[in-house]
Amino acid sequence: MRLGSGTFAACCVVVEVLGVVLFLRGFFPAPVRSSSSSKHQAEPPAPEPSAGASSNWTKLPPPLFSKVVIVLIDALRDDFVFGSKGVKFMPYTTYLVEKGASHSFVAEAKPPTVTMPRIKALMTGSVPGFIDVVMNLNSPALLEDNVITQAKAAGKRIISYGDETWVKLFPKHFVEYDGTTSFFVSDYTEVDENVTRHLDKVLKRGDWDVLILHYLGLDHIGHVSGPSSPLIGRKLSEMDGVLMKIHTALLSEERETLLPSLLVLCGDHGMSETGGHGASSTEEVSTPLLLVSSAFERKPGDIRHPKHVQQTDLAATLAIGLGLPIPKNSVGHLLFPAIEGKPMREQLRFLHLNTVQLTKLLQENVPSYEKEPGFEQFKISERLHGNWIRLYLEENNSEVLFNLGTKVRRQYLDALKTLSLSLSRQVAQYDVYSMVVGTVVVLEVLTLLLLSIPQALSSKAELEVPLLSPVFSLLFYLTFLVLSAVHVIVCTSTESSCYLCSLSWLTAGGVMVLVSALLCAVVSALTKVLVRGKLLSKNAAHSNSRWSELDLLILLGTLGHVLSLGASSFIEEEHQTWYFLVSTLCLALCHDIYRNYLPGDDCEPQRCLHVEGGFDGATPALQDKNTSSAVLELNRGCKSPSSLGTLRGYEKWMVLASPWVILTCCRLLRSLNQTGVQWAHRPDLGHWLTRGILEARFVYVFVLGILFTGTKDLLKSQVVAAGFTVKTVGLWELYSGFVLLAALLLRPHNLPVLVLSLLIQTLMAKFVWKPLRHDVAEVTVMHYWFGQAFFYFQGNSNNIATVDISAGFVGLDTYVEIPAIFLTAFATYAGPVLWASHLVSFLSSEASSSSALSHAGFCYALIGSFPVSAYIILVTSLRYHLFIWSVFSPKLLYEGMHLLITAAVCVFFTAMDQTNTKS
């Protein structure tokens, strides 16, 4: 079966997407989980240890607090409370920290630092999987054991006001709630007023036990204006007033109750220096945790500095404080200052319950748990605790009892710290089987693309794809049988969960068929290449094709970029790699132009410069001219002493100046947005502005109109065969619509990025690509490189915190999920999308070869697939690297999105190529 190059490439990329999805499913591990029932059935608490004596304490300890109020301020950084801003804008909170009955901590949030995973960590005590960053947009109900579910089961009455994520995670758990949309970042006033307006009434009522207040305004200000905005101070002052109101009401109510109340101030995550969050910078992971209660007595002069703890420690502390079982999957440990005022027996009882829970979790997730230091410490602690209980029940109140109790307490605390650390490390339970199968699919597709280069870039732009011969070959059946046997062995012997093993046998068999068919196709293509290579070697002396300097730059630049992805520092600062590559490309183009301008001493073939004329076909560097007539002549045999002699005055100088203008534009764009990690905090040329809703909707109407007109012309050219001009106009109309949409969604300070992008595209098209008559492959790679560079010129990075979610709400006054996701994705990838759409429009209007679109689609698929395939291998080998979750994993998600864009571009190339064929 014969397929066009573009169609073949599009099919390959689609299959590669499936392989990447399978790899991602295996790479992002399943968190540590208890094997107990997920229905949170009540289990009897562990009895108090005893050594020969009978303890009378076999039930859960009673609650320590009558009411608990959790004030969660979204994106609250630790320095907003404990730093200079806290002293200036939050005086009452600062008083509580420095002199009040409180304990303060700096709680570390593990990446991804986005809201939904952080709420799960706070309430379950477990470390959410990194893939939860995707689920943050639409949070499903939380089935894992957690404090909220335990409180509801115990009859606690819970009220929630604020972020609707709580309602989604815990449906039917609240006796009263009022949710607010967390993604409408343009609103930072009403979103908090809708929470505060309930306080006066609810604080006077006594029909609740737990009150959750989630304020979003601070986070929204950060997304729109950054942490240095004057609005931050006003919002902190507002939150300080809220805390004072709540604390005063709780103190007045405690006079009528036997137990004190607990006020918890915390943040779900921090805020980067640009106002975003999602990654692992110190500003994003450091959050304040303040426990305020009259039970925490404080003597004059008692200075308590904030201690560093884990965010997962709050779940165990809240459970003990409310008299509830600690969530089964919690890897955190009890914050001891919260119970240090209690009698020794109660302290040891609380610590014992927490240690038993962590030990059970360790036994269920670590096969060799008995060798773990934490388990050994637990056994020693439990034995000493039993001795202490025996002495205590004998009413021995001597100093020996106190010293032994202090020793047991210290031993428990050490065991808790060791167990918590060991369990936190167990989060990386990879599904290696799914990762291997996904990697094999990706590598088979990449190999097939590489082996198909000679045929794909031929003049016919067609490949002979043997669909039936591999299926009926002996190799196919042998491979399928071997893979099936491996699948059965893995699925019947593995102790951990495996995604492929959870699929039906029919689906898993389909995966094996795909892998086997791809392997046969690779072997068939390799055989053809070897046979063709022998034939070509006989005529090698007659071949005069050679690699140009630009071809070598493209090859070495692509390989260098891929190799740089193996280092975490290069991933964090990948924008520097692309800035260097496009700058070097400009210098290479300048050299190419000047070499043609200055007459040589000999008659070496040179590219003649022409402004008029058609656009050429495939690259000669990737194939031999004698094997294919597809390579159109590039006018390299120019006999004129000056290649620019045919150009008019201004055109001649524009050709000479274009590379320098483009280089200057790129240098200006580098200064517009500081991105990456090391220099992200430095000032740049960007200024934050706002845009009105009405004006945005007005632009949306024009965008839709332009896109509709362009789509209509494309359909007309395909259905009615209206000709080349109609199709070309339709493509440029679509491109114009994308440009207008980008102008609407980009931050106002980023509009120069769009303007300079259009300028560079115009200069390259009119004064570089056409005069130098670059082939399709070179033009395609240049478009890809500039698209990647403009991704970073926008201020993006491989850090999730740089995703500008405010773009998803331009022109919207309420949160609408699908439009918000589309607008955010388009704004983030506006650079690659605009350059890819410009490539389609440019080739359709300028190329003289009918196979240009097929060649371009194949080259784009190859250049887009290569980094993803190589990075999958790199990240697999580095899966136990220190920065695997903070650096390499976000980059993996970005590579997946780039591959999706590549697939979409290739499919569009195929559609346009089919239109050309019909025309």
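What you see is a predicted model; the values in this text were computed from it and never measured.

Draft legend 1. Inspection of the overall build of the chain at higher detail. Per the secondary structure count, the chain includes 35 helices and 10 strands. The burial tally for the chain puts 56% of its 919 residues in the buried class. For the chain, restricting intrachain contacts to residue pairs at least 6 apart in sequence, the fraction spanning at least 24 positions comes to 80%. When the accessible surface of the chain is summed, it comes to about 38,600 Å², and 62% of that surface belongs to carbon and sulfur atoms.

Draft legend 2. Region of interest: the state of the cysteines. Counted by the stated rule, this structure contains 1 disulfide. Covalent S-S linkage joins Cys491 and Cys501, the inter-sulfur distance amounting to 2.1 Å. As the torsion about the S-S bond is roughly -85°, the Cys491-Cys501 disulfide counts as left-handed. With Cys491 in helix α21 (residues 474-493) and Cys501 in helix α22 (residues 499-502), this residue pair connects regions lying 10 residues apart in the sequence. Here Cys11 is not cross-linked by a disulfide; its sulfur's nearest cysteine counterpart is in Cys12, at 7.0 Å. Judged by relative accessible area, Cys11 falls into the partly exposed class, the value being 42%.

Draft legend 3. Main features of the environment of Ile800. Looking at where Ile800 falls in the secondary structure, it is placed in the loop between α31 (776-793) and α32 (817-828). By relative accessible area, which is 14% here, Ile800 ends up buried. A sequence separation of 687 residues divides Ile800 from Thr113, and the C-alpha atoms of the two residues are 8.9 Å apart.

Draft legend 4. Summary view of the sheet that holds strand β6 (residues 210-215). The mixed open sheet is built from 8 strands, whose spatial order is β5-β4-β6-β2-β7-β8-β3-β9. At either end of the open sheet lies a strand with only one pairing partner, and these are β5 (176-180) and β9 (307-310). Recorded for the sheet is a direction-independent mean angle of 15° between the axes of neighbouring strands. As judged from the 5 bridges shared by strand β4 (residues 158-163) and β5, these two strands associate in the parallel manner. Bridging from a neighbouring strand, Ser160 pairs with Tyr177 of β5.

Draft legend 5. Highlighting the packing of aromatic side chains. Applying the stated criterion across every chain, the model contains 22 aromatic pairs. An angle of 40° between the planes, with centres 6.5 Å apart, marks the rings of Tyr92 and Tyr95 as tilted. You can see Tyr92 and its partner Tyr95 sitting in helix α4 (residues 91-98), 3 residues apart, about one turn around the helix. Its relative accessible area of 43% is what places Tyr95 among the partly exposed residues.

Draft legend 6. Fine view of the nonpolar core. The biggest cluster of nonpolar side chains holds 65 residues, and the ones touching the most others in it are Met123, Trp166, Phe170, Val264, Leu289, Leu291 and Leu318. The residues touching Leu291, leaving out its near neighbours within four places in the chain, are Ala101, Ser102, His103, Phe105, Leu262, Leu263, Val264, Phe296, Leu314, Thr317, Leu335 and Ala338. Counting 59 residues, the second-largest nonpolar core is a separate cluster that includes Val441, Leu446, Ala456 and Leu565.

Draft legend 7. Examining the pairing of β6 more closely. Summarising burial for β6: 6 of the 6 residues are buried, a large majority. Side chains Val210, Ile212 and His214 project from β6 onto one buried face, and the interleaved Leu211, Leu213 and Tyr215 project onto a second face that is buried too. In this structure, strand β2 (residues 68-73) lies alongside β6, joined through 6 bridges in parallel fashion. Across the sheet, residue Val68 finds its bridge partner in β6, namely Val210. In this structure, β4 lies alongside β6, joined through 5 bridges in parallel fashion. Looking across to β6, one finds that Gly162 is bridged to His214.

Draft legend 8. Structural view of the pattern of salt bridges. Throughout the structure, instances matching the rule amount to 18 salt bridges. Of the charged contacts in the structure, one is a salt bridge between Arg157 and Asp209, with a shortest N-O distance of 3.3 Å. With Arg157 in the loop between α7 (147-153) and β4 and Asp209 in the loop between α10 (199-204) and β6, the pair connects residues that are 52 residues apart, well separated along the chain. Judged by relative accessible area, which is 34%, Arg157 ranks as partly exposed.

Draft legend 9. Representation of the side chain of Asp268 in the model. With respect to the helices and strands, Asp268 occurs in the loop between β7 (262-266) and α13 (282-285). Within the buried set, Asp268 has no salt-bridge partner at all; the shortest N-O distance to an opposite charge, 7.8 Å, is to Arg118. Polar contacts involving the side chain of Asp268 include one to the side chain of Thr115, which spans 3.0 Å. Reaching out from Asp268, the side chain makes a polar contact with the side chain of His269 at a distance of 3.2 Å. Among all residues touching Asp268, those that are not within four sequence positions of it are Leu72, Ile73, Asp74, Ala75, Ala109, Thr115, Arg118, His214, Thr287 and Gln311.

Draft legend 10. Geometry of the packing of helix α30 (residues 751-772) against helix α33 (residues 830-846). For the pair α30 and α33, interaxial distance at closest approach is 12 Å and the crossing angle is 30°. When the axes of α30 and α33 are compared, the pair comes out roughly parallel. Between α30 and α33 lies a crossing of right-handed hand. Residues Leu754, Ser757, Ile760, Gln761, Ala765, Trp769 and Lys770 of α30 form the contact with α33, whose participating residues are Leu834, Trp835, His838, Phe842 and Glu846.

Draft legend 11. Inspection of the packing of helix α24 (residues 549-564) against helix α26 (residues 574-597) at higher detail. Running from N to C, α24 and α26 point in directions that differ by 175°, and their axes come no closer than 11 Å. With respect to α26, the element α24 is oriented roughly antiparallel. Here Glu549, Leu550, Leu553, Gly557, His561 and Ser564 of α24 lie close against α26, whose contacting residues are Glu574, Thr577, Trp578, Leu581, Thr584, Leu585, Ala588, Leu589 and Arg595.

Draft legend 12. Broad picture of the environment of Glu164. Relative to the helices and strands, Glu164 is located in the loop between β4 and α8 (165-169). Between the C-alpha atom of Glu164 and that of His214, which follows or precedes it by 50 residues, the distance is 8.9 Å. Once you skip the residues sitting within four places of it in the chain, Glu164 turns out to touch Gly179, Thr180 and Thr181.

Draft legend 13. Highlighting unusual backbone geometry. In the Ramachandran plot, Lys172 falls in the positive-phi region, its phi being about 65° despite a non-glycine side chain. The residue Arg773 is not glycine, and still its phi comes out positive at about 50°. A relative accessible area of 11% means that Arg773 is categorised as buried.

Draft legend 14. Looking closely at a nonpolar patch on the surface. A grouping of Trp547, Leu552, Leu555, Leu556 and Leu559 is seen on the molecular surface, where their side chains present a nonpolar patch of about 460 Å² in accessible area. Looking at Leu559, the relative accessible area reads 36%, which means it is partly exposed.

Draft legend 15. How the structure looks around the confidence of the model for the chain. Residues of the chain with pLDDT of at least 70 account for 80%, and the chain-wide mean is 81. Across residues 601-614, confidence stays below pLDDT 50; counting only partners more than four residues off in sequence or on other chains, it has 48 contacts. Throughout residues 616-643 the model reports pLDDT below 50, and contacts reaching past four residues in sequence, or to other chains, amount to 75 contacts.

Draft legend 16. Up close: the side chain of Lys891. Take Lys891: it is sitting in helix α35 (residues 884-918). Within the local environment of Lys891, its side chain forms a polar contact with the side chain of Glu895, the two groups lying 2.7 Å apart.

Draft legend 17. The environment of Val14, seen in detail. With respect to the helices, strands and loops of the structure, Val14 is situated in helix α1 (residues 5-27). Val14 sits in the partly exposed class, given a relative accessible area of 41%. Each C-alpha atom of the pair Val14 and Leu900 lies 8.4 Å from the other, and the pair is 886 residues apart in sequence.

Conventions we followed
Residues numbered from 1 in each chain as written. Predicted model: local features only at pLDDT ≥ 70, side-chain atom pairs only at ≥ 80, totals over all residues. Heavy atoms only, no water. Helix = DSSP H or I, 4+ residues; strand = E, 2+ residues; numbered from the N terminus. Buried < 20%, exposed > 50% of the residue type's maximum accessible area, 1.4 Å probe, protein only. Contact = heavy atoms within 4.5 Å. Areas by Shrake-Rupley, 256 points an atom, 1.4 Å probe, with all protein chains shown as cover. Disulfide = S-S within 2.5 Å. Pairing = 2+ DSSP bridges. Axes fitted to C-alpha atoms, helices over the stretch in contact; angles between N-to-C directions. Phe/Tyr/Trp six-rings, centres within 6.5 Å; stacked < 30°, edge-to-face > 60°. Core = buried A, V, L, I, M, F, W, Y, C linked by side-chain atoms within 4.5 Å. Salt bridge = Lys/Arg side-chain N within 4 Å of Asp/Glu carboxyl O. Lys, Arg positive; Asp, Glu negative; His and termini not counted. Polar contact = N/O pair within 3.5 Å; in protein donor to acceptor, adjacent residues only side chain to side chain. Parallel < 35°, antiparallel > 145°, perpendicular 65-115°, else oblique. Left-handed = near helix turned anticlockwise from the far one by under 90°. Patch = residues over 30% accessible without salt bridge, like charges linked within 9 Å, V, L, I, M, F, W, Y side chains within 5 Å. pLDDT = per-residue confidence, 0-100.

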